[in-house]
Amino acid sequence: MKLNNLKDLMIHELQDILNAEKQITKALPKMIEASASSKLKDAFKTHLKQTEKHIERLETVCKMVGVEAKGEKCKAMEGIIKECDSMMNEKADKSVMDAALIGCAQRVEHYEIAAYGTICTYAKQLGMNDVLDQLLMTLDEEKKTDSLLTQIAESTVNIDAE
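Residues numbered from 1 in each chain as written. Predicted model: local features only at pLDDT ≥ 70, side-chain atom pairs only at ≥ 80, totals over all residues. Heavy atoms only, no water.

1. Section: the pattern of salt bridges
Moving on, step 1. Considering all chains together, one arrives at three salt bridges under this definition.
Moving on, step 2. In this structure, Glu-141 engages Arg-57 in a salt bridge whose closest nitrogen and oxygen atoms are separated by 3.1 Å. Of this pair, Glu-141 sits in helix H5 (residues 129–161) while Arg-57 sits in helix H2 (residues 38–65), and the two are 84 residues apart along the sequence.
Moving on, step 3. Of the charged contacts in the structure, one is a salt bridge between Lys-144 and Asp-140, with a shortest N-O distance of 3.1 Å. Taken together, the positions of Lys-144 and Asp-140, both in helix H5 and four residues apart, correspond to about one turn of that helix.
Moving on, step 4. Given the relative accessible area of 55%, Lys-144 is considered exposed. (Salt bridge = Lys/Arg side-chain N within 4 Å of Asp/Glu carboxyl O. Helix = DSSP H or I, 4+ residues; strand = E, 2+ residues; numbered from the N terminus. Buried < 20%, exposed > 50% of the residue type's maximum accessible area, 1.4 Å probe, protein only.)

2. Observations concerning helix H4 (residues 94–125)
Given 3.6 residues per helical turn, the α-helix brings residues three or four places apart onto the same face.
Moving on, step 1. With 32 residues, H4 extends 46 Å from end C-alpha to end C-alpha; this agrees with the ideal 46 Å at 1.5 Å per step.
Moving on, step 2. Immediately downstream of H4, the backbone of Gly-127 shows phi near 70 degrees, a positive value. (Expected span 1.5 Å × (residues − 1).)

3. Looking at the environment of Leu-6
Moving on, step 1. Along the chain, Leu-6 turns up in helix H1 (residues 6–34).
Moving on, step 2. Residues Leu-6 and Leu-126, 120 residues apart in the sequence, show an inter-C-alpha distance of 7.8 Å.
Moving on, step 3. Excluding residues within four positions of it along the chain, Leu-6 makes contact with Tyr-122, Gln-125 and Leu-126. (Contact = heavy atoms within 4.5 Å.)

4. A look at the packing of H2 against H5
Moving on, step 1. Axis separation between H2 and H5 bottoms out at 10 Å; the angle between their running directions is 165 degrees. Our classification of the angle between H2 and H5 gives roughly antiparallel. The two elements H2 and H5 meet at a crossing, and its hand is left-handed.
Moving on, step 2. Classifying every residue of the contact of H2 with H5 gives 13 nonpolar, seven polar and five charged. (Axes fitted to C-alpha atoms, helices over the stretch in contact; angles between N-to-C directions. Parallel < 35°, antiparallel > 145°, perpendicular 65-115°, else oblique. Left-handed = near helix turned anticlockwise from the far one by under 90°. Nonpolar A, V, L, I, M, F, W, Y, C, P; charged D, E, K, R; others polar.)

5. Let's talk about the side chain of Glu-142
Moving on, step 1. The topology assignment puts Glu-142 in helix H5.
Moving on, step 2. Lacking a salt bridge, the buried Glu-142 has Arg-57 as its closest oppositely charged neighbour, with an N-O distance of 7.6 Å.
Moving on, step 3. Not counting residues up to four positions away in its chain, the partners in contact with Glu-142 are Glu-21, His-47, His-54, Glu-109, Glu-112, Ile-113 and Tyr-116. (Lys, Arg positive; Asp, Glu negative; His and termini not counted.)

Below you can see the structure in the form of structure tokens.
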């Protein structure tokens, strides 16, 4: 796809984050399994359900802008997930692994926050308010997940890992 204008770029980025979200749905079950903390497991389970809704929203947004809900593999997310897989293969105390998993998950969240923030800016510039509303819901959920992970880390997991 040739990027001729801001809408083309927005579509490209939509398809990229859609693929990233699909990769996340495959990674989260492994992270749930690797977690020892019940709070962390619950947070990951909740985010898996949210991620499935994010995919549905993105598919809706793609229809709204008149494109297929598909795209090339998001190489950035692929790399973040590979690092997380590598971390899960380390020999670590359970509480230390939980702290590492939070770090991995927050890398994912920060990528998503950056991606959704960028696409929201494009949608706003293009006057696509219906698209913007859908994307802002997801951006808000990503930020809340990031905050929850920080709270879990600071209140229990990092203390246990210390």
